[in-house]
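Given next are the chains, with one letter for each unit.
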Amino acid sequence: MGSDPHTVTVTGITPGLQLQCEGVPVADWLCACGHHERARGRAAVIALQARVVVGICPHTTTAEGRAAS
């Protein structure tokens, strides 16, 4: 599933990675820049957790890779 290019207002979530493991696993990542991603299901939560580096914003850097595209 791709990222939603539209701005989303997120309430009730503080910047960082929040995991909920009861029932269906859910992870919410709110970057300091305001970018939000949600993963549902064990595999998706593990993938998001492996990709996110809390405290480092990949959206405002001009580094090579995904952020440059």
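The preceding data block contains the structure.
Residues numbered from 1 in each chain as written. Predicted model: local features only at pLDDT ≥ 70, side-chain atom pairs only at ≥ 80, totals over all residues. Heavy atoms only, no water.

Caption draft 1: Representation of the overall build of the protein in the model. The helix and strand tally for the protein stands at one helix and three strands. For the protein, the N- to C-terminal ordering of α and β elements is β-β-β-α. Taking all 69 residues of the protein together, the buried fraction comes to 20%. Taking the intrachain contacts of the protein between residues at least 6 apart in sequence as the baseline, contacts between residues at least 24 apart amount to 26%. Entry remark: accessible area of the protein is about 5200 Å², with carbon and sulfur atoms responsible for 55%. (Helix = DSSP H or I, 4+ residues; strand = E, 2+ residues; numbered from the N terminus. Buried < 20%, exposed > 50% of the residue type's maximum accessible area, 1.4 Å probe, protein only. Contact = heavy atoms within 4.5 Å. Areas by Shrake-Rupley, 256 points an atom, 1.4 Å probe, with all protein chains shown as cover.)

Caption draft 2: The pattern of salt bridges, seen in detail. On inspection of all chains with the given rule, the structure shows two salt bridges. Of the charged contacts, one joins R38 and D28 as a salt bridge, the two residues approaching to 2.7 Å between their closest N and O atoms. Note that R38 is positioned in strand β3 (residues 36–40) and D28 in strand β2 (residues 26–30), a separation of ten residues in sequence. R51 is paired through a salt bridge with E37; the nearest N and O atoms lie 2.7 Å apart. Taken together, the residues R51 in helix α1 (residues 42–51) and E37 in strand β3 connect sequence positions 14 residues apart. (Salt bridge = Lys/Arg side-chain N within 4 Å of Asp/Glu carboxyl O.)

Caption draft 3: Structural view of the sheet that holds β2. Within the open sheet, the three strands sit side by side as β1-β2-β3. Their pairing is antiparallel. The open sheet terminates on both sides in strands that have one partner only, identified here as β1 (16–20) and β3. Averaged over neighbouring strand pairs, the angle between their axes works out to 10° when direction is ignored. Note that β2 and β3 share five bridges and pair antiparallel. Residue pairing for β3: L30 is matched across the bridge by H36. Strands β1, β2 and β3 of the sheet are contacted by α1, whose axis makes an angle of about 145° with β3. (Pairing = 2+ DSSP bridges. Axes fitted to C-alpha atoms, helices over the stretch in contact; angles between N-to-C directions.)

Caption draft 4: Just the pairing of β1, in detail. Pairing between β1 and β2: five bridges, direction antiparallel. For G16, the partnering residue across the bridge sits in β2 and is L30. Where β1 folds back on β2, the antiparallel hairpin that results is connected by five residues, among which G23 adopts a positive phi of roughly 70°.

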